[in-house]
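For reference, the chains in residue letters:
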Amino acid sequence: MLYPQQNDKRNRLNLSGFWDFKLDPDEVGEAEGWFTGLESPRTIAVPGSWNEQFDDAYHYLGMAWYVRDDIYVPSAWAGQKIFIRVGSANYFARVWINGKAVGEHSGGHLPFVFDISDHVKWGQANTIAVQVENHLQTNRVPAGSPASDGFALGPMNGYPPANFDFYPYAGIHRPVILYSVPDTHIDDVTVTTEIDGKTGIVKVQVSHTGDAANGHISLSGDGV
């Protein structure tokens, strides 16, 4: 797993640690504004599955909320693009910054990133909320069979009903990170390779945001 790295152009702030947490079995949190703060929350460690941290949530695969209201973005980041990166949230997640929805992501096994530059407050605490739900559905990976015909192996004793033999743990499973980059920055790099006789060919395609800029590529290792 590749994570954004701190260097002379990119800054990062790891938000792993203790978050406010609350189950939302009736899915009323969004309508009641839980993204601005939770009433009577409990504390949860991020990253980590809620099923393993709370006895009463071991079999819970519904909706839940994570909130931090004490996040200060360093003043040195002002004028840069600010992003939030969630390494994994199983299975479907929505993110709010200071009460504003900034994006959603389906799929519990890949990271996702949202640009939050326009929603950051400077010189004061920011509130970050992540809504996560892990309902078993036939169109998700792994596919659930919540209605019937499920089976399970070993100690799962048939719960949840599904056509796979492992427990679908729920929650934020990898670190949550804030990072900043200059207005002109690389969005993505695609590397393809091929062989022409005894010659290795490396093609690098770079997409960027902001004004055009020059860069350089270096190759290292055996045979270079």
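Residues numbered from 1 in each chain as written. Predicted model: local features only at pLDDT ≥ 70, side-chain atom pairs only at ≥ 80, totals over all residues. Heavy atoms only, no water.

Draft legend 1. Structural detail: the layout of surface pockets. By volume, the largest pocket is sized at about 970 Å³. For the lining of the largest pocket, the secondary structure elements donating two or more residues are strand E6 (81-86), strand E13 (176-181), strand E14 (185-196) and strand E15 (199-209). Top contributing element to the lining of the largest pocket by residue count: E14, with 6 residues. Looking at the lining of the largest pocket, its residues break down into 13 nonpolar, 7 polar and 6 charged. (1 Å grid on protein atoms, 1.4 Å probe; cavity = no way out; pocket = protein on both sides within 12 Å on 5 of 7 lines; lining within 4 Å. Points joined across faces, edges and corners; volume = space filled by probe spheres on them. Helix = DSSP H or I, 4+ residues; strand = E, 2+ residues; numbered from the N terminus. Nonpolar A, V, L, I, M, F, W, Y, C, P; charged D, E, K, R; others polar.)

Draft legend 2. Main features of the packing of aromatic side chains. Tallied over the entire structure, the rule returns 11 aromatic pairs. Aromatic pair Phe 35 and Trp 96: ring centres 5.2 Å apart, planes at 5°, arrangement stacked. With a gap of 61 residues between them, Phe 35 in the loop between strand E2 (17-23) and strand E3 (42-46) and Trp 96 in strand E8 (residues 92-97) connect regions that are remote in the sequence. In this structure Phe 35 comes out as buried when scored by relative accessible area, which is 15%. (Phe/Tyr/Trp six-rings, centres within 6.5 Å; stacked < 30°, edge-to-face > 60°. Buried < 20%, exposed > 50% of the residue type's maximum accessible area, 1.4 Å probe, protein only.)

Draft legend 3. Local environment of unusual backbone geometry. Geometrically, the link from Val 46 to Pro 47 is a cis peptide bond, its omega value of 0° lying close to zero. Mapped onto the secondary structure, Pro 47 falls in the loop between E3 and strand E4 (48-49). Following Asn 90, the chain continues into Tyr 91 via a peptide bond in cis, with omega recorded as 20°. One can find Tyr 91 in the loop between strand E7 (89-90) and E8. Positive phi, close to 55°, is recorded for Ser 40, a residue that is not glycine. Within the secondary structure, Ser 40 sits in the loop between E2 and E3. Non-glycine residue Asn 98 carries a positive phi angle of around 50°. Looking at where Asn 98 falls in the secondary structure, it is placed in the loop between E8 and strand E9 (100-106).

Draft legend 4. Main features of the sheet that holds E8. The 6 strands are arranged E3-E2-E5-E11-E8-E9 in an open sheet whose pairing can be described as antiparallel. Two strands in the sheet have a free side with no partner beyond their single neighbour: E3 and E9. Adjacent strand axes in the sheet meet at a mean angle of 30° when their direction is disregarded. Sheet topology places E8 next to strand E11 (residues 126-133); 6 bridges connect them, and they run antiparallel. Residue Ala 93 lies in a different strand from E11, and its bridge partner there is Val 132. (Pairing = 2+ DSSP bridges. Axes fitted to C-alpha atoms, helices over the stretch in contact; angles between N-to-C directions.)

Draft legend 5. Examining the environment of Lys 9 more closely. Structurally, Lys 9 can be placed in the segment before strand E1 (11-14). For the pair Lys 9 and Gly 29, spaced 20 residues apart in the sequence, the C-alpha separation amounts to 38 Å. If we ignore the near neighbours within four places in the chain, the residues touching Lys 9 are Gln 80, Ser 180, Val 181 and Pro 182. A polar atom in the side chain of Lys 9 sits 3.1 Å from the side chain of Asp 8. (Contact = heavy atoms within 4.5 Å. Polar contact = N/O pair within 3.5 Å; in protein donor to acceptor, adjacent residues only side chain to side chain.)

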